[in-house]
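# Coordinate analysis (summary)
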Amino acid sequence: MNNFLRISKKVLILQKDLEVKSNIEFNEYAQKMTLKFYKLNKLDNEMEISALSIIVEAIRREEGYIAFPVQIIGALTLLNGNIAEMKTGEGKTITAIIALYLGYLKNHHQILFTQNQYLAKRDYEFSRPIFKRLNIPSGLVEELDKNSDQKFSFKMKERQALYDNPIVYTTNDVFGFDYLQSNLVSQSEEKLNLHFDWAIIDEIDSILLDDAQMPLIISGNPKAQSNLFKITNNFVSLLDPLRDYQMDNRKKTVWLTERGVQKANKFFRVENLFSENNFELVKHVMLALQANTIMKLGDDYIVTDGEIKLLDSTTGRIMEGSLFESGLHQAIEAKEFVSLSKENRSMASVTYQNLFRMFNQLSGLTGTAYTNRKEFLEIYNLRVDRIPENIKSVRKDLKDHYTVSLSNKLEQIMKRTMELIEAGRPVLLVTESIFTANIYSNFFWSRNISHNVLTGSQIANEAEIIKMAGKKSTLTIATIIAGRGTDIKIDKEVQEIGGLAVIATEHFSSKRIDNQVRGRSGRQGESGTTEFFVSLEDKIFEDFYVKGIDRISNKKTVKLNFFQKEYIKHKIKQIQTKFEEEDYKNRFNSMEMDETLRVQREIIYHERDSIINQNQFSHRHFVELLKGYAKDIVDNENYDKTRFIFDFIDESYSIDDQINIEEEINDRFNYVQNLLDQYPDAFEEFINQILLKSIDTEWVLHVDRMQQLRLLIDKRVTGQKNPLQEYQEDSQRLYKFFRKSVNKAILKNFMLSRLEVKNNLKVTFP
Ligand code: ADP
Ligand code: MG
């Protein structure tokens, strides 16, 4: 770090010298040096300092200000593949630009990930003129426009060109979906070639901790509708809460008690609900339970026009087009008595955790990573470096306020907010969820106090509200994550009367999120205050029962004494630590589970790639392979031979026919070869199509089974085994089953598909 500080000082001295150059002179010099460094590809210290001075000067010419030493230090930290912890308002956008430039000189291909499209576009547009001045192409990849009438393969060419820019701005989910999609296509011109070289993630904790486990899923292929949704919904409505099932609100899980299981056995007339052949039934019971207990109308979803629409719990946004995990959606539809929609299969899925672990190098920026440094190191091999503040913060973090009841707390918050607003201070009131944000909003409306509500439902509008949030006597109610990435600016007048006041309506589930909330105030050495309000009826105590807290609460005292307050303070810390440990464990398990699928996926995607890109098969070898598959099925699967021939070899087979399987395969082979002989490459093309079709069809089924296994294991609380181990064992079995199914499909598709050749080859699969 000291070394970085020295470097940054030298950089700023060199940069001063560049200021005297005319624009034309500077551009010419900067472009020449950039090209030279790029070709050299390896910079010594002196060159690095010279390169840094060029980018800093380019930024100055475009933006009118000179990078702070801490921004240069931050950039060097990123270049080393670490996380730079820099508070909100320290200028992470510029820090990233400097790092991207250095990465470019090292011939990296790099992607800067932001949390949403608005930020990606904002930062891309901000940086483009700077890079342009240095002759470096950069690109912005946005969500694919599904309504455009361009041909898909043409769009893919354009998209590929954007991704091929050495510097790319995009979001994690755009990239994630492109990754999944590109591995599902069968033609090489539609396949995106993504670069997994260097990823810089802005607000990295939000992506790799908060959203880590959320899988991106591409689904399709409606499967046969299950009729179990309604009946399991009926069953669940007969259950007695607590006695028949129990739940953990925070983890959003619910499970049957022994008594509940007995009831289910009776209701569904099965001997043991949890035996292996009741896989589907158990799944549906669990889904119905979840739909009826955990999922709340108005909070998790709404019903409009006979359809269930998801709400994002922190932002309250309707998530158009997204569905709950496989089956849950239908379970909720059954609960709300709307018609059941088609169930989708997951065709491909990946979590952010694994997506980002695929990069050669990973770096990140955030104001709050230090509390989770152990996890970053263990899971991503990322070190967290705390970059000093440019100007020391003078923000005051005030003492917590404690009350017994929620209604007392509301009154206190109201009083305090009014006090601050009357003094001219802007107030940011931060709540845990959209749900609580609305409670406070209604509360303030009922007293005729005008305010803005920031829930993240309209991201672009959010920037407008944030701009207002630093103005004199403005009240803004926001959820924890809303507006993250856009900093609240205050003017001189506000600065003089104490800056932005942050009021948190409760303590959140981790110290990291508490810090995130505090960090909204007091940027760049500005004044500001933060304070938290606690009541014994807060969610944090509801989620985690503490006897002592309950005792204080039961006394119905209005005023808490010193010792009680100290006790509460201590308990909150303890609960947060406990949650943090639990979250860490969950993320770790989830990563391991994902890893299993990832390894399988990589093998399959690799096989697909080699099929798409090269079509040279030894014909002899292929025939032998088919014979092997046939033998394997006959020998090991205890298939009735007649049935087997019927299903795989010859649909017009009659029992009396004398048949030799190997000869049949030879005959078919000769037939196909003769038919396709006159067309160049047609035979290879045929085999190609068969292989891809077989792999793809079976892979989709496999991913779906894996996804279900995961849900099931998450909810299976009975067994004593460790869930991870259980998952791995079961997934091995499923994988073997999948490989066999692919072989079977290849055999079947080869023997039974119909071929037509006119202008090109057309295969109709059985
Ligand atoms: P962060 O992402 O760290 O919260 P931003 O990159 O959004 O911060 O920058 C916050 C504000 O500070 C922006 O308005 C930006 O233009 C300004 N800023 C960044 N770097 C500098 C600098 N070196 N000098 C003056 N202002 C700066
Ligand atoms: Mg930022």
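Residues numbered from 1 in each chain as written. Chains lettered and ligands numbered in written order. Predicted model: local features only at pLDDT ≥ 70, side-chain atom pairs only at ≥ 80, totals over all residues. Heavy atoms only, no water.

### Concerning the overall build of the chain
Helix and strand counts for the chain come out as 28 helices and 22 strands. In terms of overall dimensions, the chain is globule-like: its C-alpha atoms have a radius of gyration of 30 Å, near the 27 Å expected for 766 residues. Considering only C-alpha atoms, the chain reaches an extent of 100 × 75 × 45 Å along its principal axes. A burial count over the chain gives 52% of its 766 residues as buried. At a minimum sequence separation of 6, the contacts of the chain that also span at least 24 residues come to 76%. Surface summary for the chain: the accessible area is close to 36,300 Å², and the carbon and sulfur share equals 50%. Distance between charge centroids for the chain: 6 Å, based on 104 positive and 109 negative side chains. (Helix = DSSP H or I, 4+ residues; strand = E, 2+ residues; numbered from the N terminus. Rg over C-alpha atoms; globule rule 2.2 N^0.38 Å. Buried < 20%, exposed > 50% of the residue type's maximum accessible area, 1.4 Å probe, protein only. Contact = heavy atoms within 4.5 Å. Areas by Shrake-Rupley, 256 points an atom, 1.4 Å probe, with all protein chains shown as cover. Lys, Arg positive; Asp, Glu negative; His and termini not counted. Charge placed at Lys NZ, Arg CZ, Asp CG, Glu CD.)

### Let's talk about the site of ligand 1
In the vicinity of ligand 1 lie 15 residues, with Tyr65, Gly89, Lys92, Thr93 and Lys489 positioned nearest. Here a nitrogen atom of ligand 1 sits 2.9 Å away from a polar atom, N or O, in the main chain of Ile66. Take Glu90: an N or O atom from its main chain is 3.4 Å from an oxygen atom of ligand 1. When ligand 1 is considered free in solution it has 560 Å² of accessible area, and contact with the protein chains removes 82% of it. Classifying every residue of the shell around ligand 1 by side-chain character gives 4 nonpolar, 5 polar and 6 charged. (Near = heavy atom within 4 Å. Polar contact = N/O pair within 3.5 Å; in protein donor to acceptor, adjacent residues only side chain to side chain. Nonpolar A, V, L, I, M, F, W, Y, C, P; charged D, E, K, R; others polar.)

### Some points on the nonpolar core
In this structure, Phe356 and Phe376 are the most contacted members of the largest nonpolar core, which totals 87 residues. If one sorts the elements of this core by residue count, helix α27 (residues 682–715) sits on top with 13 residues. A domain-level breakdown of this core finds at least three residues from each of domain 1 (2–218 + 353–386) and domain 4 (616–764). Those residues in contact with Phe356 that sit more than four places away from it in its chain are Phe113, Asn172, Ala199, Ile201, Ile207, Leu208 and Leu362. Among the nonpolar cores identified, the runner-up in size contains 51 residues, and Tyr104, Ala120, Tyr124 and Tyr169 belong to it. (Core = buried A, V, L, I, M, F, W, Y, C linked by side-chain atoms within 4.5 Å. Domains from an automatic or database assignment.)

### Re the sheet that holds strand β13 (residues 384–386)
Strand order in the open sheet made by the 7 strands is β3-β4-β2-β5-β12-β1-β13, with parallel pairing throughout. Lying at the two open borders of the sheet, with one neighbouring strand each, are β3 (138–140) and β13. With strand direction ignored, the average angle separating the axes of adjacent strands in the sheet is 20 degrees. Where strand β1 (residues 83–85) lies against β13, 3 bridges are found, and the strand directions are parallel. (Pairing = 2+ DSSP bridges. Axes fitted to C-alpha atoms, helices over the stretch in contact; angles between N-to-C directions.)

### Considering helix α26 (residues 661–676)
Because the α-helix completes a turn every 3.6 residues, residues three or four places apart line up on one side. Taking 1.5 Å of rise per residue, 16 residues should cover 22 Å, and α26 covers 23 Å from first to last C-alpha, within 8% of that figure. Ile661, Ile665, Arg668, Phe669, Val672 and Leu676 are the residues of α26 that are buried. Angularly, the buried residues of α26 cover 100 degrees about the axis, an arc narrow enough to put them on a single face. For α26, the capping residue at the N-terminal end is Asn660, with a side-chain oxygen 2.9 Å from the backbone nitrogen of Glu662. (Expected span 1.5 Å × (residues − 1). Arc of directions from axis to C-beta.)

### What to know about the domain arrangement of the chain
Split into domains, the chain comes out as domain 1 (2–218 + 353–386), domain 2 (224–342), domain 3 (396–581) and domain 4 (616–764). Relative to domain 2, the C-alpha centre of domain 1 lies at a distance of 43 Å.

### Details of the packing of helix α3 (residues 45–63) against helix α6 (residues 117–133)
Contact pair α3 / α6: the axes reach a minimum separation of 9 Å and the direction vectors enclose 125 degrees. With respect to their mutual orientation, α3 and α6 come out oblique. Crossing geometry of α3 relative to α6 is assigned as right-handed. Each of Ile55, Ala58, Ile59, Arg61, Glu62 and Glu63 in α3 lies in contact with α6, whose residues at this interface are Phe126, Pro129, Ile130 and Arg133. (Parallel < 35°, antiparallel > 145°, perpendicular 65-115°, else oblique. Left-handed = near helix turned anticlockwise from the far one by under 90°.)

### Side note on a nonpolar patch on the surface
Taken together, the side chains of Ile231, Leu238 and Phe267 define a hydrophobic patch exposed on the protein surface, amounting to about 260 Å² of accessible area. Relative to the helices and strands, Ile231 resides in helix α10 (residues 228–237). (Patch = residues over 30% accessible without salt bridge, like charges linked within 9 Å, V, L, I, M, F, W, Y side chains within 5 Å. Salt bridge = Lys/Arg side-chain N within 4 Å of Asp/Glu carboxyl O.)

### Details of helix α4 (residues 69–79)
Among the 11 residues of α4, 10 are classified as buried, and the element is accordingly described as predominantly covered. Those residues of α4 that sit buried are Val70, Gln71, Ile72, Ile73, Gly74, Ala75, Leu76, Thr77, Leu78 and Leu79. The positive-phi residue at the C-terminal boundary of α4 is Gly81, with phi of around 80 degrees.

### Looking at the packing of aromatic side chains
As enumerated under the stated definition, the model contains 27 aromatic pairs in all. Geometrically, the ring pair formed by Phe113 and Phe175 is edge-to-face, given 5.3 Å between the ring centres and 80 degrees between the ring planes. With Phe113 in strand β2 (residues 110–114) and Phe175 in helix α8 (residues 172–182), the pair connects residues that are 62 residues apart, well separated along the chain. With a relative accessible area of 0%, Phe113 lands in the buried category. Judged by relative accessible area, Phe175 falls into the buried class, the value being 0%. Both rings, one in Tyr605 and one in Trp699, keep their centres 6.4 Å apart while their planes meet at 65 degrees; by these two values the pair is edge-to-face. Here Tyr605 is found in helix α23 (residues 562–613), whereas its partner Trp699 is found in helix α27, with 94 residues between them in sequence. Each member of the pair, Tyr605 together with Trp699, is buried. (Phe/Tyr/Trp six-rings, centres within 6.5 Å; stacked < 30°, edge-to-face > 60°.)

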